[in-house]
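Structural description and commentary
So the chains spell out like this:
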Amino acid sequence: MDSKTCNETRVVRTSRIFPNDVNNHNTLFGGKLMSDMDMLASISAARLSRRECVTASTDSVDFLSPITPDDSVCFESFVTWTGTSSIEVFVKVIAENLITGTRKIAATAFLTFVALDEKGKPTKVPAIIPETEEEKKLYETGKIRAEKRKEHRKNSKELANYFTTKKPWE
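We now turn to the structure provided with this report.

Scoring rules and cut-offs
- Residues numbered from 1 in each chain as written.
- Predicted model: local features only at pLDDT ≥ 70, side-chain atom pairs only at ≥ 80, totals over all residues.
- Heavy atoms only, no water.
- Helix = DSSP H or I, 4+ residues; strand = E, 2+ residues; numbered from the N terminus.
- Buried < 20%, exposed > 50% of the residue type's maximum accessible area, 1.4 Å probe, protein only.
- Contact = heavy atoms within 4.5 Å.
- Areas by Shrake-Rupley, 256 points an atom, 1.4 Å probe, with all protein chains shown as cover.
- Pairing = 2+ DSSP bridges.
- Salt bridge = Lys/Arg side-chain N within 4 Å of Asp/Glu carboxyl O.
- Phe/Tyr/Trp six-rings, centres within 6.5 Å; stacked < 30°, edge-to-face > 60°.
- Lys NZ or Arg CZ within 6 Å of the ring centre and 35° of its normal.

1. So, the overall build of the protein
Of regular secondary structure, the protein possesses three helices and eight strands. Mapped in sequence order, the helices and strands of the protein form the string β-β-α-β-β-β-β-β-β-α-α. Expressed as lengths along the three principal axes of its C-alpha atoms, the size of the protein is roughly 55 × 50 × 30 Å. Burial statistics for the protein: of 170 residues in total, 41% are counted as buried. Counting contacts in the protein only where the partners sit at least 6 residues apart, residues at least 24 apart contribute 74% of the total. Only carbon and sulfur atoms are counted for the fraction: they give 53% of the accessible area of the protein, which is about 10500 Å².

2. Here's the deal with the environment of P69
Checked against the element boundaries, P69 lands in the loop between β4 (62–63) and β5 (71–82). Placed 21 residues apart in sequence, P69 and F90 show a C-alpha to C-alpha distance of 25 Å. Sequence-distant contacts of P69, that is, excluding residues within four places in its chain, are made with I17, V22 and N26.

3. Observations regarding the pairing of β5
Consecutive side chains of a regular strand alternate in pointing toward one face of the sheet and then the other. Counted residue by residue, β5 has 12 buried out of 12 residues, so it is predominantly covered. Of the pairings in the sheet, the one linking strand β2 (residues 11–16) to β5 comprises six bridges and is antiparallel in character. By the bridge assignment for β5, V12 is matched with E76. Between the antiparallel neighbours β5 and strand β6 (residues 86–97) lie three residues.

4. Examining the pattern of salt bridges
Summed over the entire model, instances satisfying the criterion amount to 12 salt bridges. Among the salt bridges present, the one from R13 reaches D36, with a minimum N-O distance of 3.1 Å. Linking R13 in strand β2 with D36 in helix α1 (residues 30–49), this pair joins segments that are 23 residues apart in sequence. In this structure D36 comes out as buried when scored by relative accessible area, which is 8%. Across the pair K92 and E134 runs a salt bridge, and its minimum N-O distance is 2.9 Å. You can see K92 sitting in strand β6 and its partner E134 sitting in helix α2 (residues 133–140), a full 42 residues away along the chain. The class of E134 is partly exposed, set by a relative accessible area of 33%. Salt bridges linked by common partners bring R10, E76, K92, E134 and E135 together as one network.

5. Some thoughts on the packing of aromatic side chains
Going through the model one piece at a time under the given rule, you end up with two aromatic pairs. Centre to centre, the rings of F78 and F90 are 5.9 Å apart; their planes meet at 70 degrees, and the pair counts as edge-to-face. Of this pair, F78 sits in strand β5 while F90 sits in strand β6, and the two are 12 residues apart along the sequence. Judged by its relative accessible area of 0%, F78 falls in the buried class. According to the relative accessible area criterion, F90 is buried, its value standing at 8%. Seen in terms of ring centroids, F90 and F110 are 5.1 Å apart; in terms of plane orientation they differ by 45 degrees. Their pairing is tilted. You can see F90 sitting in strand β6 and its partner F110 sitting in strand β7 (residues 103–116), a full 20 residues away along the chain. By relative accessible area, F110 is classed as buried at 14%. Grouped by ring-pair contacts, the aromatic residues F78, F90 and F110 constitute a single cluster. Its end group placed over the ring of F110, R145 keeps NZ or CZ at 4.0 Å from the ring centre.

Here it is, written out as structure tokens:
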């Protein structure tokens, strides 16, 4: 199976912030940001695998700096690490004040996708090759994040045994 560079999976999108995108604090609504991050990350995963991919997990979304209507928002995503069928995608969000030109990292996240074959079953994915310093650092730390996700998923499944599926009004 061929390998691909991080850059071959890169997706970049820049957009404006409009009044319907903000919350009661006049900053970008977090749910909107998370939805956009998932959408871009899914394209990066598909560019790597050339398969249908499903979101398996989202590591913590770190909101580092508020995004306001004075800003444009630039999303950048690329594959940082791969397992057998899993694909880790890093997304960074850069806010740029359109008046001053000041740019800042506003948010980051790691999302994991699973590539599916024609029968909807997990399938092998190509390896990823990092080239830049940023890509190499993210690649080097990818296995640690994958192990943490595996442990977190195990704990979540154990905890789910205590959850009820009863209707709250019953």
